[in-house]
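Residue-level listing of the chains:
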Amino acid sequence: MKVHKPYVIFEEKDHSFIWLGLDESDAEKGVLTNQYLIRDGEKGAILDAGGYFVFERVLNSVQEFLKPENISLLLFSHQDPDVVGALNLWVDVAPNAQIYVSELWERFLPHLGQEVSEKINEIPDMGMRIPFGSSFIEAIPAHFLHSPGNFHFYDPISRGYFSGDMGAAIFPKGTWYLIVEDFEEHAKLMEAFHRRYIPSRKAIELWLNRIRGLQIDFIAPQHGSVFQGDNVKKFLQWMSSLDKVGLDLLTF
Ligand SMILES: [Fe+2]
Ligand SMILES: [Fe+2]
């Protein structure tokens, strides 16, 4: 099982979008997860910081780029354990970070065991622009994809789009890769997850309408691999082509 170093997906002047590495042995403890750091000058925003087992690896990776005190944002797409599981630890090492999560989940996070209510900012259903460094990060509604209160995060400088669990791929052991090359082959690793975890096609349609017109250079999911170039469009078309999902397929 290999350990992969962080990878800078985008860098221009003092702004970058960074994938925070992977320890493939984490697969033994659950599904593999991606974490990302958006850096603007000295400030950092972490996207879906991740669960307990990956905390040390993610923190070490962040420290290659900035001091944890300079993490100003912890952004969470939804409430799952692979997304928020290490929140307590992050609050300790990143005392200056503000937390952003859906207004549906804000009241559930204290159950992780840390009093965080003063740091939590609720993202309203319609989404919002979150001030960050010299610019902002946009929280884009992607409700029911798969959580009822669910957001993606778009960075207008890198034109990078963090898609949370959308785009998740589940790899057979030892076959992981960071960037999608053969989309058709990759789609086979995504299908089962999307068919079951998305409850309704309507959620897909609302989301695709919402992001139409957004300039996206790459899509970075919380599981699986990054879509760049033509594969951005191919992925969105593939999502649109999922004719039956969730409730359509429930048979018991
Ligand atoms: Fe999830
Ligand atoms: Fe996830």
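Structure: see above.
Residues numbered from 1 in each chain as written. Chains lettered and ligands numbered in written order. Predicted model: local features only at pLDDT ≥ 70, side-chain atom pairs only at ≥ 80, totals over all residues. Heavy atoms only, no water.

S.K.: Which parts of the structure should I look at to understand the coordination of the iron ion (ligand 1)?
M.R.: For the iron ion (ligand 1), the protein coordination sphere consists of His 78 (NE2), Asp 80 (OD), His 146 (NE2) and Asp 165 (OD), at 2.0 to 2.2 Å. What the 4 donor atoms of the iron ion (ligand 1) show is an angle range of 86 to 172° at the metal, which sorts the shape as irregular. Mapping the donors of the iron ion (ligand 1) onto the primary sequence gives the spacing H-x1-D-x65-H-x18-D. Distance-wise, the iron ion (ligand 2) is placed 3.6 Å from the iron ion (ligand 1), both being coordinated by Asp 165. Placement of the pair is His 78 in the loop between strand 7 (71-75) and helix 2 (81-84) and Asp 165 in the loop between strand 13 (160-162) and helix 4 (183-197), with a sequence separation of 87 residues. Residue class for His 78 comes out buried when judged on its relative accessible area of 0%. (Donors = N, O, S within 2.8 Å, 3.2 Å for Na, K, Ca; no water. Tetrahedral: all angles 85-135°; square planar, octahedral: opposite > 155°, others 65-115°. Helix = DSSP H or I, 4+ residues; strand = E, 2+ residues; numbered from the N terminus. Buried < 20%, exposed > 50% of the residue type's maximum accessible area, 1.4 Å probe, protein only.)

S.K.: Would you explain the sheet that holds strand 13 in this entry?
M.R.: Strand-to-strand pairing in sheets goes through backbone hydrogen bonds, with the strands running parallel or antiparallel. If you walk across this open sheet you meet the 6 strands as 10-11-12-13-14-15, and the pairing is mixed. The sheet is open, and its two borders are formed by strand 10 (128-132) and strand 15 (227-228), each paired with just one other strand. Lying over the sheet, helix 5 (residues 201-211) contacts strand 11 (135-141), strand 12 (151-155) and strand 13, oriented at roughly 155° with respect to strand 11. (Pairing = 2+ DSSP bridges. Contact = heavy atoms within 4.5 Å. Axes fitted to C-alpha atoms, helices over the stretch in contact; angles between N-to-C directions.)

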